[in-house]
Amino acid sequence: MNDSSWGASPGAGYAGAWPPPDQGPLPAGPAHDGHGAQQTRPMPIVPDFPDAGRDAQSAPGPAGRAGREAPDGGAARLGGPLFRDENPQEPMPTPPSAPAPQPTHAAPQPTPSPQPPRKKRAGRDLRAAIGVGVGLGAVIVLSLFFVKAVFVGVIAVAVVVGLWELTSRLQERKQIKAPLVPLAVGGAAMVVAGYLRGAEGAWVAMALTALAVLVWRMTEPPEGYLRDVTAGVFAAFYVPFLATFVSMMLAADDGPERVLTFLVLTVVSDTGAYAVGWRFGKHKLAPRISPGKTREGLLGAVGFAMAAGALCMQFLVEDGTWWQGLLLGLAVAASATLGDLGESMIKRDLGIKDMGSLLPGHGGIMDRLDSLLPTAPVVWLLLVLFVGGG
């Protein structure tokens, strides 16, 4: 075998020009002879896409020579990028049948229209409330101006129903068993005694009712005795005793006019508080007790009640004057608001919204008596001071 068969042919182990620049011919000999042969240059890095190198070598001009020559004697370089991300790739051609892609633009989002402010709504059925209120007013006026005794009976019935609602809620929510029978009998007796005997009769009837509650509760086991009788005495004072002042007003010569003044001022105060508070109320009056009441509503109650008081004292009550009506209206607005807050406190303690459901749109009887009961002694006292007992 001759030496030329073992010689390194041009391009076999070297990718550049042959012979390499600045070097003489390589000595003949086997390619694996480590002592006599030139050290083999490293192979160039082949890119991921093989066609790039072949296209670069076949290209005419300097671009093609750059793929075949390495003037600096280093490793051969291909005419394309070694990595995919060295130069950006051209986008794929779109098939003729496919439509040209259109630039996409984000569709303008419609501007959300502002939500209209919610209209304030009453918490009860106003139609039912107005209907029931008109019916009760007709019964009161007819009984008040035709036969006084009938109106005393109306007061007694309202007292008994109110006691039933109060004691029922106490037992349901707090397991307090205030005896209803002595309370109902004693409550009706208090109203009648106040009409016939005045304040002295009312106090005597109140004391006897409290004694009856203590005795009646002794028929049951002693557990919870003090709790039950305390609730019973409270119920006797809260409902029938305060209602007795209405019958005491009725006993005067101009009793119907006094009672009508008392009812009108209380209703007007509640209506003014509701109307002004619903329309203009922003500042809470007692949020922990009654979140619906506002300071603006209180001002409305005062304004409405004072105007109504001036008219009633000037034209209804005998020997009354308008300035007395202003003071009376102011006192009624304060007592009616406190009475409403007082019953709201009781209902919050019991965890209920209404004391009953007897009156559609109003709740129970106690929900209508809440502002009337504490206002009755206030009106009775001021009328006695202004125009006498009659």
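Just so it is clear, the model here is predicted, and its values are computed rather than measured. (Residues numbered from 1 in each chain as written. Predicted model: local features only at pLDDT ≥ 70, side-chain atom pairs only at ≥ 80, totals over all residues. Heavy atoms only, no water.)

K.L.:
Looking at this model, I keep getting lost on the overall build of the protein chain. Mind explaining?
P.N.:
What the protein chain contains, in helices and strands, is 11 helices and two strands. Reading the protein chain from its N end, one meets helices and strands in the order α-α-α-α-α-α-α-β-β-α-α-α-α. Within the protein chain, the fraction of its 390 residues that count as buried is 36%. Put simply, 68% of the contacts in the protein chain that link residues at least 6 apart link residues at least 24 apart. Of the roughly 23,700 Å² of accessible surface on the protein chain, a fraction of 65% belongs to carbon and sulfur atoms. (Helix = DSSP H or I, 4+ residues; strand = E, 2+ residues; numbered from the N terminus. Buried < 20%, exposed > 50% of the residue type's maximum accessible area, 1.4 Å probe, protein only. Contact = heavy atoms within 4.5 Å. Areas by Shrake-Rupley, 256 points an atom, 1.4 Å probe, with all protein chains shown as cover.)

K.L.:
Help me out: how do you make sense of the packing of helix H7 (residues 255–280) against helix H11 (residues 372–387) in this one?
P.N.:
Two measures define how a pair of helices packs: the angle their axes make with one another and the distance between the axes. Between H7 and H11, the least distance of the axes is 10 Å, while the angle of their chain directions is 130°. Regarding the angle of H7 to H11, the classification is oblique. For the pair H7 and H11, the crossing hand works out as right-handed. Two secondary-structure elements touch here, H7 through Arg258, Phe262, Leu263 and Thr266 and H11 through Leu372, Thr375, Ala376, Val379, Leu383 and Val387. (Axes fitted to C-alpha atoms, helices over the stretch in contact; angles between N-to-C directions. Parallel < 35°, antiparallel > 145°, perpendicular 65-115°, else oblique. Left-handed = near helix turned anticlockwise from the far one by under 90°.)

K.L.:
Looking at this structure, I do not really get the packing of aromatic side chains. What am I missing?
P.N.:
Working definition: an aromatic ring pair is given by the centre-to-centre distance plus the angle between the planes. Within the structure shown, the criterion is met by six aromatic pairs. Aromatic side chains Phe237 and Phe241 sit 5.4 Å apart centroid to centroid with 25° between the ring planes, which places their arrangement in the stacked category. One end of the pair, Phe237, and the other, Phe241, are both in helix H6 (residues 225–250), four residues apart, so they sit about a helical turn from each other. According to the relative accessible area criterion, Phe241 is buried, its value standing at 4%. In this structure, Arg279 packs its charged tip against the face of Phe280, placed 5.1 Å from the ring centre. (Phe/Tyr/Trp six-rings, centres within 6.5 Å; stacked < 30°, edge-to-face > 60°. Lys NZ or Arg CZ within 6 Å of the ring centre and 35° of its normal.)

K.L.:
Just to check I follow, could you spell out the side chain of Arg169 for this structure?
P.N.:
For Arg169, the location among the structural elements is in helix H4 (residues 148–174). Within polar-contact distance, the side chain of Arg169 engages the backbone oxygen of Met355 at 2.5 Å. Non-local contacts of Arg169, meaning those with residues more than four positions away in its chain, are made with Lys174, Leu350, Ile352, Met355 and Gly356. (Polar contact = N/O pair within 3.5 Å; in protein donor to acceptor, adjacent residues only side chain to side chain.)

K.L.:
I'm lost on unusual backbone geometry in this one. Help?
P.N.:
Among all residues except glycine, the phi angle is most often negative; among peptide bonds, the trans geometry is most common. One non-glycine residue with positive phi stands out, namely Gln175, at about 55°. Among the structural elements, Gln175 can be located in the loop between H4 and helix H5 (180–217). Even without being a glycine, Asp319 presents a positive backbone phi close to 65°. Mapping Asp319 onto the fold places it in the loop between helix H8 (295–315) and helix H9 (322–350). Overall, Asp319 belongs to the exposed group, its relative accessible area being 62%.

K.L.:
Help me out: how do you make sense of the packing of H6 against H11 in this one?
P.N.:
At their nearest, the axes of H6 and H11 sit 8 Å apart, and the two run at 35° to each other. Here H6 runs over H11; the crossing is left-handed. Taking contact as the criterion, the partners of Tyr238, Val239, Leu242, Ala243, Phe245, Val246, Met248 and Met249 in H6 are, on H11, Leu373, Pro374, Ala376, Pro377, Val379, Trp380 and Leu383.

K.L.:
I tried to follow the side chain of Gln324 on my own but got confused; where do I start?
P.N.:
Here Gln324 shows up in helix H9. The contacts of Gln324, once residues within four sequence positions are left out, are Met313, Asp319, Phe386 and Val387.

K.L.:
I keep staring at the confidence of the model for the protein chain and nothing clicks. Help me out?
P.N.:
Confidence in the prediction of the protein chain, expressed as mean pLDDT, is 79, and 67% of residues score 70 or more. Taken together, the stretch residues 1–39 has pLDDT below 50 and engages in 24 contacts with residues farther than four places along the chain or on a different chain. This model gives residues 48–90 a pLDDT under 50, and the stretch forms 33 contacts once residues within four places in sequence are excluded. (pLDDT = per-residue confidence, 0-100.)

K.L.:
Honestly, H4 in this entry has me stumped. Any pointers?
P.N.:
Since one α-helical turn is 3.6 residues long, residues separated by three or four positions face the same way. Compared with the 39 Å implied by 1.5 Å per residue over 27 residues, the 39 Å span of H4 between its first and last C-alpha is a close match. Of the residues one or two after H4, Gln175 is the one with positive phi, at around 55°. (Expected span 1.5 Å × (residues − 1).)

K.L.:
Please explain the pattern of salt bridges as it appears in this structure.
P.N.:
Side chains that differ in charge, positive against negative, can pair when their charged atoms come close. On inspection of all chains with the given rule, the structure shows seven salt bridges. Notably, a salt bridge pairs Asp228 with Arg217, separated by 2.8 Å at the nearest N-O pair. You can see Asp228 sitting in helix H6 and its partner Arg217 sitting in helix H5, a full 11 residues away along the chain. Each member of the pair, Asp228 together with Arg217, is buried. Close ionic contact of Asp367 with Lys347 constitutes a salt bridge, the shortest N to O distance being 3.1 Å. Taken together, the positions of Asp367 in helix H10 (residues 365–369) and Lys347 in helix H9 put the pair 20 residues apart, joining distant regions of the chain. Comparing Asp367 with Lys347 shows no difference in burial state: the two are buried. Three or more residues joined by partner-sharing salt bridges are found here, namely Arg217, Arg227 and Asp228. (Salt bridge = Lys/Arg side-chain N within 4 Å of Asp/Glu carboxyl O.)

K.L.:
How should I be thinking about H6 in this particular structure?
P.N.:
Taking 1.5 Å of rise per residue, the 26 residues of H6 would be expected to cover 38 Å, and the 37 Å separating its terminal C-alpha atoms lies within 8% of that figure. A bend of about 30° at Phe237 is the largest found in H6, and the proline Pro240 appears one to four places after it. With 19 of 26 residues buried, H6 lies mostly within the body of the structure. (Bend = angle between axes of the 7 residues up to and from the residue.)

K.L.:
What is the right way to read a nonpolar patch on the surface from this model?
P.N.:
Together, Val141, Leu142, Phe145, Phe146, Val147 and Val150 make up an exposed nonpolar region whose accessible area comes to about 560 Å². Per element, the largest residue contribution to the nonpolar patch is four residues, and it comes from helix H3 (residues 126–146). (Patch = residues over 30% accessible without salt bridge, like charges linked within 9 Å, V, L, I, M, F, W, Y side chains within 5 Å.)

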